[in-house]
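The lines below spell out each chain.
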Amino acid sequence: MATEKKAASASRRQFLTGAAAVGAGTVAAGVARAAEPDPLITEVQDWASGFGDGVDATPYGLPIKFEDDVVRRNVEWLPADTISSINFTPIHALDGTITPAGCAFERHHSGAIELSKSDYRLMINGDVETPMVFSYADLERFPRENHVYFLECAANTGMEWAGAQLNGAQFTHGMIHNMEYSGIPVRTLLAEAGWSGEVEGKWLYVEGADASSNGRSIPLEKALDDCLIAIKANGEALRKEHGYPARLVVPGWEGNMWVKWVRRMEIMDGPVESREETSKYTDTLADGTSRKWTWVMDAKSVVTSPSPQMPITHGHGPVVITGMAWSGHGKITRVDVSKDGGKTWETARLAADPANKALTRFYLDTEWNGEEWFLQSRAMDETGYVQPTKAQLRDVRGLNSIYHNNCIQTWWVKSNGEAENVEVS
């Protein structure tokens, strides 16, 4: 095995060494060599002939213009209005696991509001000894924790339920982001208000400050376990669209429960069954009945490259297949990749030790020589759960569902390197 790996490594180095001599117009072919030296190496370029920007040119750093295509995107025909809509993270163009806040997807029910820190208030009432109201300055005085978690909309991949619909990982799986949150545990704030300590049968109703009054009921046991009131993300203040100045974080559970601009938390004897808990975010089965309280986001993965928005353009030879995996049940333990639509599988390399309820990056370093691929990935988590096929999900839930579609995704990589969203039956 060691000899095989060494040979493969040498082969890759040999190929890349040869490719380095290929002219710009012949890289895709991977065969012809440049007749002349590369002027980008032999000649002094403009960027090395003068001064660049000074340190104050961009007081808040922005992406370079060459990456201006890495942006959130909306599907115009999806909503009636962008005020109550969603856009998508450009997951196809990202690597690693942390999502930059500037391209992390948004979901609003009545638009992103501007709420200043000085105007912010968080009320705790219900079954507590002393109902309390905290200002933002009050929250900053509590001990904080830092955790990396994924946030996934329950409707992520929902449009793919009945068949291949949208041609891009950004649109099929882009209702997700992964950030480091800094915040105060909900249990700390409830204790400050004199929570009785009773958990059995108790719920926490959490409400946002926006016009939709988006509110969700959470079992108190979950709220006390790992929920946070986040005041920072990725080291800086939350963005307006992500709930500035404070939002609820509900690790591993559907994004609608991560109430933004959180203004009130009330301990109650039962769930409220609010509009967002009844009109949506339930799963209709084939017989017309609906599952409710399906909060946990099951293990899921997707290949982000190659994919429809990230075709193979460098020609034959070494290629890195990469993607993301995650589970609301805990840590990802393994990701397999198939090039033939699930007939055979290869175990991918995890880029780092998987974190709890956070994205895990995987890689499969391989070779492509123009053959057709039907690329799939399959995630497994620490509970033993294995990501299902779309057929397996349909066998249980029929075709009426929208939410919680964690099926195995297929990309058809064609002989020219382009890729298309397809369904393998």
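Our structure is the block above this text.
Let me begin by describing the structure that accompanies this report. (Residues numbered from 1 in each chain as written. Predicted model: local features only at pLDDT ≥ 70, side-chain atom pairs only at ≥ 80, totals over all residues. Heavy atoms only, no water.)

### So, the nonpolar core
Test applied: What is meant by a nonpolar core is a set of buried Ala, Val, Leu, Ile, Met, Phe, Trp, Tyr and Cys residues, joined one to another through side-chain atoms within 4.5 Å. Burial classes follow relative accessibility: with a 1.4 Å probe on protein chains only, a residue under 20% of its type's maximum area counts as buried, one over 50% as exposed, and anything between as partly exposed. Strands are runs of DSSP state E lasting at least two residues, helices are runs of H or I lasting at least four, and both sets are numbered from the N terminus onward. Only heavy atoms matter for contacts: two residues are in contact if any of them lie within 4.5 Å across the pair.
Grouped together as the largest cluster of nonpolar side chains are 59 residues, with contacts concentrated most on L189, I229 and M265. Ranked by residues supplied to this core, first place goes to strand 9 (residues 228-233) with five residues. If we skip the residues at most four places from it in the chain, M265 touches L122, M123, I124, N125, V186, L189, L190, L204, Y205, V206 and I229. Counting 27 residues, the second largest nonpolar core, distinct from the first, contains V335, V337, L364 and W373.

### Focus on the packing of aromatic side chains
Just so we agree on the cut-off: In this scheme Phe, Tyr and Trp rings, the latter by its six-membered ring, pair at centre separations within 6.5 Å, and the angle between planes marks the pair as stacked below 30 degrees, edge-to-face above 60, and tilted otherwise. Here, a charge over a ring means that NZ of Lys or CZ of Arg falls within 6 Å of the ring centre while also lying within 35 degrees of the ring normal.
Taken as a whole and judged by the stated rule, the model has ten aromatic pairs. Aromatic rings pair up to connect W203, W253, W293 and W295 into one cluster. A cation sits over an aromatic face here: R378 above W345, 4.1 Å from the ring centre. Between the NZ or CZ atom of K414 and the centre of the ring of W412, over which it lies, the distance is 4.8 Å.

### Examining the environment of Q45
To keep it simple, the criterion reads: Counting of polar contacts relies on pairs of N or O atoms within 3.5 Å, with two restrictions inside protein: one atom must be capable of donating a hydrogen and the other of accepting it, and residues adjacent in sequence are counted only when both atoms are side-chain atoms.
Checked against the element boundaries, Q45 lands in the loop between helix 2 (39-42) and strand 1 (73-74). Classification of Q45 by relative accessible area gives buried; the value is 17%. In this structure, the C-alpha to C-alpha distance between Q45 and E192, residues 147 residues apart in sequence, is 62 Å. The residues touching Q45, leaving out its near neighbours within four places in the chain, are P39 and L40. Only 3.1 Å separates the side chain of Q45 from the backbone oxygen of E43, close enough to count as a polar contact.

### Regarding the side chain of R397
Within the secondary structure, R397 is located in helix 8 (residues 390-397). A distance of 2.5 Å separates a polar atom in the side chain of R397 from the backbone oxygen of Y403. Contacts of R397, omitting those with residues within four sequence positions, involve W161, D283, T284, L285, A286, R291, Y403 and H404.

### Observations regarding the pairing of strand 4 (residues 132-135)
Rules: A strand pair is defined by DSSP finding two or more bridges across the two strands.
Here strand 3 (residues 121-126) runs beside strand 4; their pairing, made up of four bridges, is antiparallel. Looking across to strand 4, one finds that R121 is bridged to S135. Counted along the chain from strand 3 to the antiparallel partner strand 4, the turn is five residues long.

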